[in-house]
Amino acid sequence: MEGKDGPSSVDDKSQYAIEGVVDTTRDESEGTSQLIYIDPEKEAAAFRKFDKYVLPVSVIFQVLSSLDRNNLGNARVFGFDEEIGLTGGQFGNINTLSSVCTILLEMPWVLAVRKFGAKAALGTAFLLWSASTLGTAFIHNYAQAIVVRMILNAAEAGLAQGFAYLFSTIYPRELAGKRIMTTNLAQTISGAFGGLFAYAVQTMGTRRGLSAWRWLFIVEFCITIFVGGIGWIFLPKSAESAWFLNAEEKETMRLKKIRDFHLRGQKKFEKKWIRLALTDPFVWMLGIAFFTSSVAINGFGVFLPTIIQGLGFASLKVNYMTIPVYVLGTITLVTVVWLSDKYKRRGVFIIGCCVPVAVGYLVCVGTANRGAGYAGMFILVLGLYPISTLAVTWIATNLSPDSKRAIGMPLAYSIANISAVVSSQLYPSQQGPRYVQGNAVSAGLTVVAAFLYGSCWLLLRHRNAKKAKMIAEGATTNGLEGDQSLDSMYIL
């Protein structure tokens, strides 16, 4: 099927879950061909179980993780820097070194999820980052801050990618976006809640000899270990062995894995996919595009309170003034991702979202007016979070099989997270109160990102056209494997 954008990017076999057609694929264990039919109602019932038990855990884990990570910016507003003796760009250095841990450990965490299951891998990460959050409350100098925050980022490195990988093994490609969205949905929720929570703690003042910012992390730890601990119980090891599925639903998921063999591949990790992932231009192109757009995202998440404070507002107002910005971001994120899933398009929505991000930052660069600068935050958040959600969804649902996805997806995300090193240096205190350099760089890189995402779209469109031409000429194979074979088309 072709439209105005070229060959359909929707995998006919992934459509099966909706249309209930019979699909021909290979049995994973025997390597033989057979007809697999799954009742669409039974498959949908299994998906609802995952929505009920796993999706909320994803949101909870990532809200708590983002809260623990980003409240360092809120703590800075009420005395963090002064009490532990930070000067100049040292706060940025803490975030820079912490980001290195994130970059290096994302792929190992995703491979751990693939090998040991989500329950064991993500549960271990949960315990480590909870302990690091508590440790932040008792640091007294620059070196201690670096160590504790590096451990926290190391533990959280694979959280978003781990859940994205898990969802890509559960849901059809055209339904995955709304689930992978939980990563950025968690950031907006924690941003809004974090500002309110930090404001409430700030009014406590010093208690029992501990400053308000220290209580911020102590209370966060208590919430994290209690709520997150309950959520941990609900995590499954894999889609086919989830404890909350009945026998019939487990069989449905097992048959789905066989039916989707061309997307999932062998259960055992095959080393050949390391080379194929590392040599796929799409992985590197999307990673570089994601890097340029993520500078704005990372800078916004960590430094939004700093930006608003730099506009001249009193420190006590800063935390609750972030709340409406995040609320608007949440609404926009849900709307854009829903539309992207509905129309089965990623590239056009990503490129479109780059426009308000660049405009919002340029407003902050172009005027010293406090009201205009604050309005700029509302403009940029219209496109900020959908970009990263759809970028992750784009690569997670287009790379196959699982072995290639487990390498290519976190690799692209790690390239993107190098942006955190850049972002952490963009807002040094000596450049306040307007931080013109940081906002200008964020705006410029967002424009570059739009063109780079466009090049990714052109690459996938070219591949789809080439596949469609070969199929029309009667070819049954192109000699390639995984997502580059004739078994599926890319979602554009």
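Up top is the structure these notes are about.
We now turn to the structure provided with this report. (Residues numbered from 1 in each chain as written. Predicted model: local features only at pLDDT ≥ 70, side-chain atom pairs only at ≥ 80, totals over all residues. Heavy atoms only, no water.)

### Topic: the packing of aromatic side chains
Then, number 1: With the rule as written, the count across this model stands at 20 aromatic pairs.
Then, number 2: A centroid spacing of 6.2 Å and a plane angle of 85° characterise the contact between Phe61 and Phe163, whose relative ring orientation is edge-to-face. In this pair, Phe61 sits in helix H3 (residues 55-77) while Phe163 sits in helix H8 (residues 159-170), placing the two residues 102 residues apart along the sequence.
Then, number 3: Of the residues examined, Phe163 reaches a relative accessible area of 1% and is grouped as buried.
Then, number 4: Ring centres of Phe282 and Trp394 lie 6.0 Å apart, and the angle between their planes is 80°; on these two criteria the pair is classed as edge-to-face. Within this pair, whereas Phe282 is found in helix H15 (residues 281-310), its partner Trp394 is found in helix H19 (residues 370-398), the two being separated by 112 residues in sequence.
Then, number 5: Classification of Phe282 by relative accessible area gives buried; the value is 0%.
Then, number 6: In this structure an aromatic cluster arises from ring pairing among Phe47, Phe61, Phe126, Trp129, Phe163, Phe167, Tyr171 and Trp232.
Then, number 7: One Lys or Arg, Lys115, reaches over the ring of Phe116 and ends 5.7 Å from the middle of that ring.
Then, number 8: Lying across the ring of Tyr171, Arg179 places its NZ or CZ 4.2 Å from the centre. (Phe/Tyr/Trp six-rings, centres within 6.5 Å; stacked < 30°, edge-to-face > 60°. Helix = DSSP H or I, 4+ residues; strand = E, 2+ residues; numbered from the N terminus. Buried < 20%, exposed > 50% of the residue type's maximum accessible area, 1.4 Å probe, protein only. Lys NZ or Arg CZ within 6 Å of the ring centre and 35° of its normal.)

### Looking at the pattern of salt bridges
Then, number 1: Counted under the stated rule, the structure contains 13 salt bridges.
Then, number 2: Across the salt bridge formed by Lys42 and Glu248, the nearest N and O atoms sit 3.0 Å from each other. Of this pair, Lys42 sits in helix H2 (residues 40-53) while Glu248 sits in helix H12 (residues 247-259), placing them 206 residues apart in sequence.
Then, number 3: One salt bridge in this structure joins Lys49 and Glu249, with 2.8 Å as the shortest N-O distance. One end of the pair, Lys49, is in helix H2; the other, Glu249, is in helix H12, with 200 residues separating them in the sequence.
Then, number 4: A single salt-bridge network, built from bridges that share partners, covers Asp280, Lys404, Arg463 and Asp483. (Salt bridge = Lys/Arg side-chain N within 4 Å of Asp/Glu carboxyl O.)

### Describing the packing of H3 against helix H7 (residues 142-156)
Then, number 1: Across the interface, H3 lies against H7 with an axial gap of 11 Å and an inter-helix angle of 150°. Relative to H7, the element H3 is oriented roughly antiparallel. As H3 packs across H7, the resulting crossing turns out to be left-handed. Counting all contacts with H3, which are made through Ser65, Asp68, Arg69 and Leu72, the residues of H7 involved are Arg149, Leu152, Asn153 and Glu156.
Then, number 2: Partitioning the contact of H3 with H7 into residue classes produces two nonpolar, two polar and four charged. (Axes fitted to C-alpha atoms, helices over the stretch in contact; angles between N-to-C directions. Parallel < 35°, antiparallel > 145°, perpendicular 65-115°, else oblique. Left-handed = near helix turned anticlockwise from the far one by under 90°. Contact = heavy atoms within 4.5 Å. Nonpolar A, V, L, I, M, F, W, Y, C, P; charged D, E, K, R; others polar.)

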